[in-house]
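Listed here are the chains, written in short residue letters.
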Amino acid sequence: GIQVEQSPPDLILQEGANSTLRCNFSDSVNNLQWFHQNPWGQLINLFYIPSGTKQNGRLSATTVATERYSLLYISSSQTTDSGVYFCAAHEESSYKLIFGSGTRLLVRP
Amino acid sequence: SQTIHQWPATLVQPVGSPLSLECTVEGTSNPNLYWYRQAAGRGLQLLFYSVGIGQISSEVPQNLSASRPQDRQFILSSKKLLLSDSGFYLCAWSVVYGYTFGSGTRLTVV
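Draft legend 1. Region of the structure containing the nonpolar core. The biggest cluster of nonpolar side chains holds 21 residues, and the ones touching the most others in it are Leu 21, Cys 23, Leu 32, Trp 34, Leu 72 and Leu 105 of chain A. Taken together, the elements giving at least two residues each to this core come down to β2 (10-14), β3 (19-25), β4 (29-37), β7 (59-64), β8 (69-74), β9 (83-91) and β11 (103-108) of chain A. Setting aside anything within four residues of it in sequence, one finds Leu 32 of chain A in contact with Cys 23, Phe 25, Phe 47, Tyr 48, Ile 49, Pro 50, Thr 63, Ser 70, Ala 88 and Ala 89 of chain A. If you look at the next biggest cluster of nonpolar residues, it comprises 20 residues, including Leu 33, Trp 35, Leu 47 and Leu 81 of chain B.

Draft legend 2. Highlighting the pairing of strand β5 (residues 45-52) of chain B. Residue and element names in this part refer to chain B. Of all 8 residues in β5, 6 are buried; the element is thus mostly enclosed. Across 5 bridges, the pairing between strand β4 (residues 32-38) and β5 is antiparallel. Looking at the pairing, Arg 37 lines up with Gln 45 of β5. Linking two consecutive strands that pair antiparallel, namely β4 and β5, is a turn of 6 residues; a positive phi of about 110° is found at Gly 41 within it. In the sheet, β5 pairs with strand β6 (residues 55-58) via 3 bridges, with the strands oriented antiparallel. Looking at β6, one finds that Gly 52 is bridged to Gln 55. Between β5 and β6, which pair antiparallel in sequence order, lie 2 residues; one of them, Gly 54, sits at a positive phi of approximately 75°.

Draft legend 3. Spotlight on the interface of chain B and chain A. Of the residues lining the interface, 20 residues belong to chain B; the matching set on chain A comes to 24 residues. Summing both partners gives a buried area of about 1700 Å² for chain B against chain A, and 55% of it is carried by carbon and sulfur. On the chain B side of the contact with chain A, Arg 42, Tyr 97 and Tyr 99 of chain B bury the most area, a combined 41% of that side's loss. The tally of links between chain B and chain A comes to 1 salt bridge. Linking Lys 96 of chain A and Glu 59 of chain B is a salt bridge whose minimum nitrogen-to-oxygen distance equals 3.3 Å. Summed over the shared surface of chain B and chain A, the result is 5 residue pairs in polar contact (both at pLDDT 80 or more). Counting only elements with at least two residues in the side of chain B that touches chain A, the list comes to β4, β5, β9 (87-95) and β10 (98-101) of chain B. Partitioning the side of chain B that touches chain A into residue classes produces 11 nonpolar, 6 polar and 3 charged.

Draft legend 4. Representation of the sheet that holds strand β8 (residues 73-78) of chain B. Residues and elements named next belong to chain B. Here 4 strands make up an open sheet; going across it, the order is β1-β3-β8-β7 and the pairing antiparallel. The open sheet terminates on both sides in strands that have one partner only, identified here as β1 (3-7) and β7 (65-70). Each adjacent strand pair in this sheet contributes to an overall mean axis angle of 20°, direction not counted.

Scoring rules and cut-offs
Residues numbered from 1 in each chain as written. Chains lettered and ligands numbered in written order. Predicted model: local features only at pLDDT ≥ 70, side-chain atom pairs only at ≥ 80, totals over all residues. Heavy atoms only, no water. Core = buried A, V, L, I, M, F, W, Y, C linked by side-chain atoms within 4.5 Å. Buried < 20%, exposed > 50% of the residue type's maximum accessible area, 1.4 Å probe, protein only. Helix = DSSP H or I, 4+ residues; strand = E, 2+ residues; numbered from the N terminus. Contact = heavy atoms within 4.5 Å. Pairing = 2+ DSSP bridges. Buried area = accessible area lost by both parts, 1.4 Å probe. Salt bridge = Lys/Arg side-chain N within 4 Å of Asp/Glu carboxyl O. Polar contact = N/O pair within 3.5 Å; in protein donor to acceptor, adjacent residues only side chain to side chain. Nonpolar A, V, L, I, M, F, W, Y, C, P; charged D, E, K, R; others polar. Axes fitted to C-alpha atoms, helices over the stretch in contact; angles between N-to-C directions.

In structure tokens form, the structure reads like this:
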């Protein structure tokens, strides 16, 4: 099966700073997604990004499928960005969405 | 609009007691449904998924079972809870690639 690895495991930022989170995945995947889990446990889908680049406000994501990695950029971070960021991917021809271990982000005021 | 309901939000159960967690989806038909567990720490482990009524795939041998009695209803059960069943349980649905998660049930087995 596929493996999904994220780095760094933990990240502390001062409000206003920028950051890049990385996700490496093994083998072929047919969709790659980023999620944010807030401190109350709610998981929100940020991006569905099997390839290319997408932007949504201060967040953007890039996936280079041929090199098996994806990056999530957070610009001008805010305290509300705190939480855990997960990337997840499907095995080809599978309904199973496999999650990485996450990056725990703390943004300090 | 599509919504997902998961209850209860928190649950404290004694070891050996039964469990039933329910998840229902509104606003969509024939969704894929999933149960995940998040133990202390951060990882999400896929427990079960279902692509249709009565169709359940189990990912991890364990003390739990799942059922899908209706198209938009997914139930997680156990006959006798173990301490190791404690965790945060999340239900999710998807149609094609988009995933929506419920608000989760925090289960503590004592």
